[in-house]
Amino acid sequence: MTAELRELYNDMILEHAKSPRNYRALGEGSLHRDGHNPLCGDQVTVYVQLDGDMVKDVSFQGQGCAVSKASASIMTQLLKGKTRAEAEELFTAFHDLLTGKLDADAEEERLGKLIAFKDVSKFPVRVKCATLAWHTLHAALHGEAKAVSTE
Amino acid sequence: MSIPVLSEVSPRAARPEASPMFDVRRVRDDFPILHQKIRGKPLVYLDNAATAQKPRVVLDALQHYYTADNANIHRGVHLLSERATQDYEYARAKVRDFLHAADEREIIFVRGATEGINLVAQTYGRKNLREGDEVLITTMEHHSNIVPWQMVCEEKGAFLRVAPINDDGEILLDEFEKLLTSRTRIVSVVHVSNALGTVNPVKRIAELAHARGAVVLVDGAQSVMHGPVDVHDLGCDFFVFSGHKLFGPTGVGVLYGREALLEAMPPYQGGGDMIRSVSFDKTTYNSLPYKFEAGTPHIAGGVGLGAAIDYVQALDWEAVAAHEHDLLTYATTALSEVPGLRLIGTARDKAAVVSFTLQGAHPHDVGTILDQEGVAIRTGHHCTQPLMARFGVPATARASFAFYNTREEIDALVQGIHKVQEMFA
């Protein structure tokens, strides 16, 4: 197995892919949006329960590759208790990480568990897998009516 | 119908060794791209259903055309234009020969199979479909043989009907027949399924459709690379294919249509080359095939496709069929032994395509890991989302073979799959 592959499919990603956290629907009063990647057929629904400006609960359901599932799972863990602005700020940092615009080692503290995705930038075709859930969450928070597509 | 199908070549398959009649090593030498390393490993190209690689003669023809003959066609009085026109029209003659069409007027150059289907939908379809009419396709169609019909049906108030398939991925002919009604105007079916490899009984389908008075379009995008086609034997009214899947360049393809139908169809696009005379009061259209070829075409593409046809016509197709069948049997057997692997598409008549899912690993992950091993396959829904829904999977991994593939390459695929399983164990 190549080192690059081990870095992409690290233990954190594999573990979350196998046992995704917050894999459930939220009930009434929650926001939800569908997202899909038409290139590979990945599909995700992200649910958010807001309390004022704060993300009180967040969950997801759907199907996708290990990278997309792990990303959705870790996203739901990180965002609970964050304000909308904090959630957006984290998404920006995550996006920069995936597109190689951010020094992962220098920003380790800010990224937290997201650091697990630092090697996705070496696999450009997989960046959309990692961002699908985040784009979908963004749409849910902004009340965008249209379903999210990576294309 | 001469495409190699399991049933036709099965006696040969019993041999333990690959076909000795077919010298795969020599054929591989004709394809420069195959001799390279991917991430330090020999390239194993198993994505031939997406696009086939090009033999040197095709690359040389493109180079020669642009180096020696390039000019615009059909109008110039100078020698280069004459040569370019000859090259292009000679390619059309080769296509006619390859498809066994009656006349070169029946060969329309288009961008690819997709454009060919859109052309028929927007000309024949728009002219002939009335409210309440029906277009009949099958569950295993590529999006390019679904969406153009949805578009014209919506415009005309016609209905799109879909013939079901069984769990092996074969059309249920009885059901198909029941869906043929007096309102069915057009039947459009795929010859070989890109996602399953199924070879459809298009000759029988054409007979049934014609008995009901419908015209028949056969999507040959995936069949032409597996052997020459005889449109008369198939009995179809339209046949489309893409050059790049026949070892030729991208951006050029062919629509074959029966002359009488093409004559009666309105033009597709307006512009230069498709007219006889233009005034602001009235334009008269050019004769076939030019009526459907507005604008400067992909001349080099046509020339390259001609060279590709020369190349495949020189192959011993009986030997090729035996070799491809051997690859299919070998791959099917090897993959069937992988625990947790489910083959999607197990039709009796199959081209050399294996589609599968792997328990515990998404096809996208399978593709990434195989790529690290130098093995190029396709993962996803293969532009057949309704078909994926029929099998209850979001996507599959697909290895598709050409005659230049080898058993050793299938071994590399299987070893790669074992690595996927290690990772996701």
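What you see is a predicted model, and the numbers here were worked out from it, not measured in a lab. (Residues numbered from 1 in each chain as written. Chains lettered and ligands numbered in written order. Predicted model: local features only at pLDDT ≥ 70, side-chain atom pairs only at ≥ 80, totals over all residues.)

> Help me out: how do you make sense of the pairing of strand β9 (residues 238–242) of chain B in this one?
It is a general feature of regular strands that their side chains alternate between the two faces of the sheet. Residue and element names in this part refer to chain B. Burial analysis of β9 places five of its five residues in the buried class, the great majority of the element. Of the two faces of β9, the one lined by Phe-238, Val-240 and Ser-242 and the one lined by Phe-239 and Phe-241 are each fully buried. By the bridge criterion, three bridges tie strand β8 (residues 215–219) to β9 in an arrangement that is parallel. Within β9, the residue paired with Asp-219 across the bridge is Val-240. (Buried ≥ 20, exposed ≤ 12 C-beta atoms within 10 Å, placed from the backbone. Helix = DSSP H or I, 4+ residues; strand = E, 2+ residues; numbered from the N terminus. Pairing = 2+ DSSP bridges.)

> Looking at this structure, how should I read the sheet that holds β8(B)?
All names here are of chain B. Strand order in the open sheet formed by seven strands is β4-β10-β9-β8-β7-β5-β6, with mixed pairing between adjacent strands. With one partner strand each, in any of the chains shown, β4 (107–110) and β6 (159–163) form the two edges of the open sheet. When strand polarity is set aside, the average angle formed by the axes of neighbouring strands in this sheet is 20°. Contacting β5 (134–138), β6 and β7 (184–190), helix α6 (residues 147–156) crosses the sheet at an angle of about 145° to β6. (Axes fitted to C-alpha atoms, helices over the stretch in contact; angles between N-to-C directions. Contact = placed C-beta atoms within 7 Å.)

> It is not clear to me how the pairing of β5(B) should be interpreted in this structure. Could you clarify?
Residues and elements named next belong to chain B. Here β5 lies mainly inside the structure; five of its five residues are buried. Residues Glu-134, Leu-136 and Thr-138 point to one face of β5 and Val-135 and Ile-137 to the other, with burial holding for every one of them. Relative to β6, β5 is paired through five bridges, and the arrangement is parallel. Paired with Val-135 across the two strands is Leu-160, which belongs to β6. Strand direction decides the pairing type here: β5 and β7, joined by three bridges, are parallel. Pairing of Val-135 across the sheet is with Ile-186, part of β7.

> Got a minute to help me understand the environment of A:Phe123 in this structure?
Residues and elements named next belong to chain A. Tracing the chain through its elements places Phe-123 in the loop between α5 (108–111) and α6 (127–141). The exposure class assigned to Phe-123 is partly exposed, which follows from the 19 C-beta atoms found within 10 Å. When the C-alpha atoms of Phe-123 and Leu-5 are compared, they prove to be 9.6 Å apart, with 118 residues separating the residues in sequence.

> Sorry if this is basic, but what is going on with the sheet that holds strand β14 (residues 353–358) of chain B here?
By way of backbone hydrogen bonds, the strands of a sheet pair with one another, either parallel or antiparallel. Residues and elements named next belong to chain B. The four strands lie next to each other as β13-β14-β17-β16, forming an open sheet whose pairing is antiparallel. Looking along the sheet, the strands with just one partner apiece sit at the ends: β13 (341–344) and β16 (378–380). Taken over all neighbouring pairs, the strand axes of this sheet differ in orientation by 30° on average, direction set aside.

> What is the right way to look at the domain arrangement of chain B in this model?
Accessible area lost on assembly of the parts is the figure often given for the size of an interface. Residues and elements named next belong to chain B. Assigned domains of chain B: these are domain 1 (6–47 + 316–423) and domain 2 (59–313). Of note, the centres of domain 1 and domain 2, computed from C-alpha atoms alone, are 28 Å apart. With 23 residues of domain 1 at the contact, the number on the domain 2 side is 22 residues. For the side of domain 1 that touches domain 2, the elements supplying multiple residues, two or more each, are α12 (317–336), β14, α14 (385–391) and β17 (396–400). Taken together, the residues that form the side of domain 1 that touches domain 2 break down as twelve nonpolar, six polar and five charged. (Domains from an automatic or database assignment. Nonpolar A, V, L, I, M, F, W, Y, C, P; charged D, E, K, R; others polar.)

> Where do I start with the packing of helix α3 (residues 56–69) of chain B against helix α11 (residues 299–313) of chain B in this structure?
Relative placement of two packed helices is described by the angle separating their axes and the distance separating the axes. Residue and element names in this part refer to chain B. As a packed pair, α3 and α11 sit with axes 8 Å apart at the nearest point and diverge in direction by 145°. For α3 against α11, the interelement crossing comes out right-handed. Of the residues in α11, those in contact with Val-57, Val-58, Ala-61, Leu-62, Tyr-65 and Tyr-66 of α3 are Ala-300, Val-303, Gly-304, Ala-307, Ala-308, Asp-310 and Tyr-311. Class assignment for the residues of the contact of α3 with α11 results in eleven nonpolar, one polar and one charged. (Left-handed = near helix turned anticlockwise from the far one by under 90°.)

> I tried to follow α6(A) on my own but got confused; where do I start?
Every α-helix carries 3.6 residues per turn, so stepping three or four residues along brings you back to the same face. Residue and element names in this part refer to chain A. For α6, spanning 15 residues, the distance from its first C-alpha to its last is 22 Å, which sits close to the expected 21 Å at 1.5 Å a residue. At Ala-133, α6 shows its maximal bend, which comes to roughly 30°. Burial analysis of α6 places twelve of its 15 residues in the buried class, which makes it a mostly covered element. For α6, the full list of buried residues reads Lys-128, Cys-129, Ala-130, Thr-131, Leu-132, Ala-133, Trp-134, His-135, Thr-136, Leu-137, Ala-140 and Leu-141. Taken from the residues just after α6, Gly-143 is the one with a positive phi, measuring 65°. (Expected span 1.5 Å × (residues − 1). Bend = angle between axes of the 7 residues up to and from the residue.)

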